[in-house]
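Reading the structure
Residues per chain, in single letters:
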Amino acid sequence: MRKMFCLFICLIACSSAFAQNGAQKDLAVFALVKTVESGFSVSKHMEIAEKPLVSKGFFYFKSPDKLRWEYETPYSYGFLVDGEKMLSWQEKDGKKEIRNIPSGSGAREAASLLKVFISMDMETISKIYEVETAEGGLALIPKNNSGKQAVREIKILFAGHIAAVKKVIVYEKSGDFTEITFTDTKIDGTLPQNAFTI
């Protein structure tokens, strides 16, 4: 569940990048984004591991509240948010095991935050993060710096064109960090008909 929560946080960062790229007056443009489709590679760098752990997959997003995040390698698993419905799944012995994500879980809380970022609620975002300009993008520093807070900083690097993120780096207080690199990102394209069905 912690892994899923971290992924939601990363997606929140991606969504906030759409909101934060450029001047405040450009926010209305980013609020018009209806769909996003992208491949991704997640590299988890841990002090206890000689090499990073690498996973690859894809995600679909459709405004206002649909999201599918799916890993293809090294294992097949993922999660789906469709309004209030939240499901996770993993492949076992050639079959998908599908589970509801329960109310009150960290993943549900993160999904609520995701909606805040997608709706470009800058008042709420600024209550959660200090937002700073960084080379090539933004740095988000959690305002709640309690002992329970694992994330120290989130960096968002933009692609060469507007409304696209090329990389998110999540730095943990432990010194470990996770890089999510996005590839073949398509903004406002047509998503597959089955994008939000498992």
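Read on for a plain summary of the structure. The numbers attached to residues start from 1 for each chain and follow its sequence in the written order. Only residues with pLDDT of at least 70 are given local features in this predicted model, and only at 80 or more are side-chain atom pairs given and counted; all residues enter the totals for whole chains, interfaces and linings. Values shown for side chains rest on all heavy atoms present in the structure; no hydrogens or waters enter the calculation.

1. Notes on the sheet that holds strand β5 (residues 85-92)
Two strands qualify as a pair provided that DSSP identifies no fewer than 2 bridges between them. Comment: elements are numbered from the N terminus, with helices defined as DSSP H or I runs of at least four residues and strands as E runs of at least two. One open sheet holds the eleven strands; their spatial order is β6-β5-β4-β3-β2-β1-β11-β10-β9-β8-β7, and the pairing between them is antiparallel. Two strands in the sheet have a free side with no partner beyond their single neighbour: β6 (95-100) and β7 (129-134). Neighbour to neighbour, the strand axes of the sheet diverge by 20° on average, direction disregarded. To obtain each axis, a line is fitted to C-alpha atoms, and for helices this fit is confined to the stretch in contact; angles are then taken between N-to-C directions over 0 to 180 degrees.

2. As for unusual backbone geometry
Omega for the peptide link from S63 to P64 comes to 10°, which places this bond in the cis form. Here the amide bond leading from T73 into P74 is cis, since omega sits at 0°, within 30 degrees of zero. Assignment of secondary structure puts P74 in the loop between β3 (66-73) and β4 (77-82). Phi at D93 is positive, roughly 50°, even though this residue is not glycine. As for its position among the elements, D93 is in the loop between β5 and β6. D93 gets classed as exposed once you look at its relative accessible area, which sits at 80%. Of note, the phi angle at D184 is positive, near 50°, even though the residue is not glycine. Note on exposure labels: buried denotes an accessible area under 20% of the residue type's maximum, exposed denotes more than 50%, and partly exposed covers the range between, all computed with a 1.4 Å probe on protein chains only.

3. Remarks on the side chain of E70
Of note, E70 is situated in strand β3. Here E70 falls in the buried class, since its relative accessible area comes to 8%. The contact criterion used is simple: two residues touch if any of their non-hydrogen atoms lie within 4.5 Å. Those residues in contact with E70 that sit more than four places away from it in its chain are F40, G57, F58, S76, Y77, G78 and W89.

4. Some remarks on the environment of E97
In this fold, E97 is placed in strand β6. By relative accessible area, which is 31% here, E97 ends up partly exposed. In sequence terms E97 and Y77 are 20 residues apart; their C-alpha atoms lie 9.2 Å from each other. Residues contacting E97, with those up to four places away along its chain left out, are S88, W89, Q90 and K92.

5. Notes on the packing of aromatic side chains
Stacked, edge-to-face and tilted labels apply to pairs of Phe, Tyr and Trp rings (six-membered ring for Trp) whose centres lie within 6.5 Å, assigned for plane angles under 30 degrees, over 60, and everything in between, in that order. Within the structure shown, the criterion is met by seven aromatic pairs. With 4.5 Å between their ring centres and 20° between their planes, Y71 and Y77 make a pair best called stacked. Judged by its relative accessible area of 18%, Y77 falls in the buried class. For the pair Y171 and F177, a centre-to-centre distance of 5.9 Å together with 35° between the ring planes defines the contact as tilted.

6. Considering the environment of L53
Within the secondary structure layout, L53 lies in strand β2 (residues 53-62). In sequence terms L53 and P74 are 21 residues apart; their C-alpha atoms lie 9.6 Å from each other. If near-sequence neighbours (up to four positions away) are discounted, L53 is found in contact with V42, S43, K44 and M46.

7. A look at the pairing of strand β11 (residues 177-187)
Across nine bridges, strand β1 (residues 35-45) lies against β11 in antiparallel orientation. Bridging across to β11, K44 finds its partner in T178. Pairing between strand β10 (residues 165-172) and β11: five bridges, direction antiparallel. Bridge assignment links I169 to a residue of β11, and that residue is E179. Counting the residues that bridge the hairpin from β10 to β11 gives four residues, and of these G175 lies at a positive phi of roughly 105°.

8. A closer look at the side chain of E153
Topologically, E153 is positioned in strand β9 (residues 151-158). Taking the relative accessible area as the measure of exposure, E153 reaches 15% and is therefore buried. Excluding residues within four positions of it along the chain, E153 makes contact with A139, L140, I141, P142, I169, V170 and Y171.

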